[in-house]
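This is what each chain is made of:
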Amino acid sequence: MKAAVKALLSNVRSQAKSPFHADFSYESDDCDERTLLYRHRKQRGVNIGSWFVLERWITEQPFRYAAAPRQSDLDVAKGAHAKEILENHWDSWISANDFEWLSAMGINTVRLPIGYYHLCGVDPSVLRGTDFDGLEHVFGGAWHRIVRAIETADRYHIGVLFDLHASPGKQNQDSHSGTSSPVISFFQTQFNLQLMIRILRVLVSSLRSLRFDHRPALSNVVGIELLNEPKPPYPAALQAWYKNAITEIRCLDPSLPLFISDCWMPDTYADFVKSLPPSAAPICLDHHLYRCFTSEDISTPAAQHSASLSNPNAPTPQTFARVSGALEDAGGNLIVGEWSGALNPSSLLGVVDERRERVQFIQAQLDLFERYCSGWFFWTYKKQYPGDSGWSFRDAVDTGIFPCRVGLFPVKLIPHDHTEWAGRKAVARGRAAARHVSYWTQYPAHYEHWRFEKGYDQGWEDAYYFLTSGVFEHGSVSELGLRGIWRKKRVCEHVLREGRSDNLWEYGHGYQQGVEEAAVDFQRAYC
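This report concerns the structure included in the present document. Note that the coordinates shown come from a computational prediction; the quantities given were computed from them, not determined experimentally. (Residues numbered from 1 in each chain as written. Predicted model: local features only at pLDDT ≥ 70, side-chain atom pairs only at ≥ 80, totals over all residues. Heavy atoms only, no water.)

### Some points on the overall build of the protein chain
For the protein chain, the count of helices and strands is 19 helices and eight strands. Relative to the compact-globule value of 24 Å for 527 residues, the protein chain shows a C-alpha radius of gyration of 23 Å, a close match. Counting only C-alpha atoms, the protein chain reaches 70 × 60 × 45 Å along its principal axes. For the protein chain, the share of sequence-separated contacts (at least 6 apart) that also reach a separation of at least 24 residues comes to 77%. Only carbon and sulfur atoms are counted for the fraction: they give 52% of the accessible area of the protein chain, which is about 20,800 Å². Counting 55 positive and 61 negative side-chain charges, the protein chain places the averaged centre of each group 3 Å from the other. (Helix = DSSP H or I, 4+ residues; strand = E, 2+ residues; numbered from the N terminus. Rg over C-alpha atoms; globule rule 2.2 N^0.38 Å. Contact = heavy atoms within 4.5 Å. Areas by Shrake-Rupley, 256 points an atom, 1.4 Å probe, with all protein chains shown as cover. Lys, Arg positive; Asp, Glu negative; His and termini not counted. Charge placed at Lys NZ, Arg CZ, Asp CG, Glu CD.)

### Digging into helix H5 (residues 96–105)
If you check which residues of H5 are buried, you get Asp98, Phe99, Trp101, Leu102, Ser103 and Met105. Elements that come into contact with the buried residues of H5 comprise strand E1 (43–47), strand E2 (109–115), helix H7 (142–155) and helix H15 (393–398). Positioned one or two residues after H5, Gly106 has a phi angle of 100°, which is positive. (Buried < 20%, exposed > 50% of the residue type's maximum accessible area, 1.4 Å probe, protein only.)

### A look at the layout of surface pockets
A volume near 1,200 Å³ is recorded for the largest pocket. Around the largest pocket, the lining is made up of 43 residues, and of these Glu328, Arg371, Arg483, Gln512 and Glu516 lie nearest the centre. Here the element with the most residues in the lining of the largest pocket is helix H19 (residues 504–526); it accounts for ten residues. The volume enclosed by the second largest pocket comes to roughly 830 Å³. Along the wall of the second largest pocket there are 32 residues; nearest its centre are Trp264, Leu289, Tyr290, Arg291 and Asp297. Looking at the lining of the second largest pocket, the elements that each hand over two or more residues are strand E6 (283–289), helix H11 (295–299), helix H12 (302–310) and helix H13 (315–329). (1 Å grid on protein atoms, 1.4 Å probe; cavity = no way out; pocket = protein on both sides within 12 Å on 5 of 7 lines; lining within 4 Å. Points joined across faces, edges and corners; volume = space filled by probe spheres on them.)

### Quick notes on the nonpolar core
Core analysis: the biggest nonpolar cluster contains 115 residues, and Phe162, Leu226, Trp241, Phe393 and Phe402 have the highest contact counts within it. Residue contributions to this core peak at ten residues, all from helix H8 (residues 190–212). Residues in contact with Phe162, not counting those within four places in the same chain, are Leu112, Ile114, Ile146, Ile150, Leu203, Leu207, Val221, Gly223, Ile224 and Glu225. Grouped together as the second largest cluster of nonpolar side chains are 37 residues, Trp421, Tyr465, Ile485 and Tyr511 included. (Core = buried A, V, L, I, M, F, W, Y, C linked by side-chain atoms within 4.5 Å.)

### Some thoughts on the environment of Glu33
Here Glu33 lies in helix H2 (residues 33–40). Its relative accessible area of 23% is what places Glu33 among the partly exposed residues. Along the backbone, Glu33 and Ser219 are 186 residues apart, and their C-alpha atoms lie at a distance of 9.6 Å.

### Topic: the pairing of E6
Counting buried residues along E6, seven of its seven residues qualify, which places the element largely inside the surrounding structure. What you see with E6 is no split at all: Ile283, Leu285, His287 and Leu289 on one side and Cys284, Asp286 and His288 on the other are buried throughout. Inspection of the sheet shows strand E5 (residues 258–261) paired to E6 by four bridges, in the parallel sense. Opposite Ile260, over in E6, you have Leu285 as the bridge partner. Once you follow E5 into helix H10 (residues 266–275) and on to E6, the crossover reads as right-handed. Of the pairings in the sheet, the one linking E6 to strand E7 (residues 333–339) comprises six bridges and is parallel in character. (Pairing = 2+ DSSP bridges. Right-handed = clockwise from strand over helix to strand, strands pointing away.)

### Quick notes on the sheet that holds strand E4 (residues 221–225)
Judged by pairing direction, the barrel is parallel, and its eight strands sit side by side in the order E1-E2-E3-E4-E5-E6-E7-E8 before closing back on the first. Geometrically, the sheet is characterised by an average inter-axis angle of 30° between neighbouring strands, direction not taken into account. For strand E3 (residues 159–166) and E4, the ladder comprises four bridges, and the chain directions are parallel. By the bridge assignment for E4, Val160 is matched with Val221. (Axes fitted to C-alpha atoms, helices over the stretch in contact; angles between N-to-C directions.)

Here it is in structure tokens:
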């Protein structure tokens, strides 16, 4: 498999000659094996809310001297003792013990919300002309603490997804977008739009420097989310900005996965991802799922919430299936960047066993995400005051509402010789191929079922490469997560070897089944 991964990392320039082929070029010195595993494995994570972008409902303490209305980072920065308060908070809110605990839980990635002003320690000019102009002395110490967070996460083999939670002018009306003003002006001026792209360039360049110039080299940044929960005046305004931002970032790091919000319009933004030029790295669509805010949420019993997520014919699972399939066909993937176990009290009225209902609600979400998503991130890791198992991951685990571990933890020695599982693969492939042939026999046409078998073999081997990589000593094993880009790449390679065909879909179907059944085989054999 080492040779196979090197092939995936190498340039395949000849593919660009055909309109079918994307230029899936990975520079070998740009995306090494460790980086690839971090970025492309299945991500099971938490948001570390209120570490850098403060939210008062999560942590009250930093707001004690904030300026009125005492709800946002800007309010804290304009209050008394701001620099001291923020730096003490940054240094104490999360420690190495937290990352160690998360790793033992099977959490392999954290989503880290930051604001553009947290980058002024790298480039003070990012604040000029913004609401945070003149506050470099308050936020200048943030960046080296962010670097320290990446270092600590890497020590426990935890990836970091950067989430731009606050943009110049605000991309939504909430106070977690930097200021307490309800006015959204990000989309109103070219100054804000262009400045945010420059800020993203600063961030990407700084993260690349951590990979190539920092000691130790840090390979655990899994991607960047360009904007958190933007609320544009109309979709085209955001999509035009997305296109410009993606183009600029791809020039700096063509292999970096990028994450974009779906603005709670998953089909619309899946179509947008499909319309983008082919790329060596995926665009991941981020959907946020909560069931406690709307009037419909409030009036729906907890059991019905769980059922609506578990029933494959219900609207939400249908949407997840449709959107994830469309994204994977385009070389992208679906993630859930925020979700929780929170239910409105009205949803629990008359419930006999509240704990049981909460457990089922969380499990229904996990099952949905595991089936259709390349990753998920619980909001939030912890709160200042314990006792909220709906919103605090730590409390949810401690009270047994959340499973004690996620992911695959082997209990048997994992061999690194593929002959160990070659026999099981042959049996599984034979069964899968028989099912495939039997199904399509109902629809007489010209088929090339041998392509299904080749796709199955390749999917199985790619899945086992992740499962047996052995690169990370801590936590759960890695699983192939960003399947869309891998499947698309493998289909292109298959065409180069075997030629074009109207039946390439059979190779793709085989690949997907091979990936899925290899994970099941691994779990049965070693976990």
